[in-house]
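Architecture at a glance
Each chain, letter by letter, is given below.
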Amino acid sequence: MLIEKKCKICRSLGQKILWNNRCASNKCALLRRRTRPGVHGAKPRVLSDYGRSLVEKQKLRFYYLLKEKQLKNLVEKAEEMKESTPIALIKLLESKLDNVIWRLGYTDSKLHAKQLVSHGHFLVNGKRARTSFIFLEPGDIIEIRPQSKNKEPFKNLQKKLKIYTPPPWLKIDVNTLKGEFLRYPEPEELSLPFNVPLALQFYSK
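These numbers come from a predicted model, not from an experiment.

Taken together, the buried positions of helix α7 (residues 110–118) are Lys110, Ala113, Leu116 and Val117. Looking straight down α7, one finds its buried side chains confined to an arc of 120°; they lie on one side. Where α7 is buried, its residues contact α3 (49–63), α6 (97–104), β1 (122–124) and β2 (127–129). Just beyond α7, the residue with positive phi is Gly120, at close to 80°.

Here you go:
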């Protein structure tokens, strides 16, 4: 996905998706151009209830790097779980491998984490992972594949992790670079840039 296209998505949604380092810098297109893309981007947007739920659903989908069908399937899975659907869905999404790798501090963005997983640079419980569509459970161990530790994406990683504190539901050993998924996060521990119940209304129509 080209940088320009990513920036258009953020501008269209009016929300940073945090695709990469550019999103967190002064180069972020949303900071420089607050209007939506297109000739009518400067006009105020008046949304229906359906439109608001669609926007929130899109924010959620792009934030967790999901295709539409993947998100729909996860919503259906969350509906079958014991907890309320919004809480169950977020716990599923927060346990997604690329998201966990990003939160552990291995990478600066989920997009980069997803790319590194697809290249086979990570092990989950000793087995090589090649898809980020893996959902971790408490006690699962994530580590860099031994053959990949000296590759460019992981150079100076220990120095970076020494000044990084992962969220309380995750743990990483700076010396061995092994991470652990301790537990699922609680809703109050997360600060998410979208409204989950409103996003779920999209699928109730």
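Under the criterion given, the structure shown has 9 aromatic pairs. Relative to Phe154, the ring of Phe122 has its centre 5.7 Å away and its plane inclined at 85°; by these criteria the two rings are edge-to-face. Here Phe154 lies in the loop between β3 (141–144) and α8 (157–162) and Phe122 lies in strand β1, a separation of 32 residues in the sequence. The exposure class of Phe122 is buried, given its relative accessible area of 0%. Using a relative accessible area of 4% as the deciding quantity, one classes Phe154 as buried. A cation sits over an aromatic face here: Lys110 above Tyr63, 3.9 Å from the ring centre.

On the secondary structure map, Ala199 appears in helix α9 (residues 196–201). Looking at Ala199, the relative accessible area reads 3%, which means it is buried. Taking C-alpha positions, Ala199 is 6.6 Å from Leu54, a pair spaced 145 residues apart along the chain. Ignoring sequence-local partners within four residues, the contact set of Ala199 consists of Ser53, Glu56, Lys57 and Leu60.

Right, let's talk about the pattern of salt bridges for a bit. On inspection of all chains with the given rule, the structure shows 11 salt bridges. The partner of Arg103 in a salt bridge is Glu94, with the nearest N and O atoms 2.6 Å apart. Put simply, Lys155 and Glu152 hold a salt bridge, and the shortest N to O gap is 3.5 Å. We classify Glu152 as exposed; its relative accessible area is 57%. Salt bridges linked by common partners bring Lys57, Arg61 and Glu68 together as one network.

An order of β2-β1-β3-β5-β4 is seen for the 5 strands of this open sheet, with the pairing classed as antiparallel. Taken across any chain shown, the strands that pair with only one partner, and hence form the sheet edges, are β2 and β4 (170–173). Taking the axes of each pair of neighbouring strands and ignoring which way they run, one obtains an average angle of 30° across the sheet. Where β1 lies against β2, 3 bridges are found, and the strand directions are antiparallel. Each residue of the ladder has a partner; that of Phe122, found in β2, is Ala129. This element, α6, spans β1, β2, β3, β4 and β5 (178–181) of the sheet and lies at about 60° to β4.

The rules behind these values
Residues numbered from 1 in each chain as written. Predicted model: local features only at pLDDT ≥ 70, side-chain atom pairs only at ≥ 80, totals over all residues. Heavy atoms only, no water. Buried < 20%, exposed > 50% of the residue type's maximum accessible area, 1.4 Å probe, protein only. Helix = DSSP H or I, 4+ residues; strand = E, 2+ residues; numbered from the N terminus. Arc of directions from axis to C-beta. Contact = heavy atoms within 4.5 Å. Phe/Tyr/Trp six-rings, centres within 6.5 Å; stacked < 30°, edge-to-face > 60°. Lys NZ or Arg CZ within 6 Å of the ring centre and 35° of its normal. Salt bridge = Lys/Arg side-chain N within 4 Å of Asp/Glu carboxyl O. Pairing = 2+ DSSP bridges. Axes fitted to C-alpha atoms, helices over the stretch in contact; angles between N-to-C directions.

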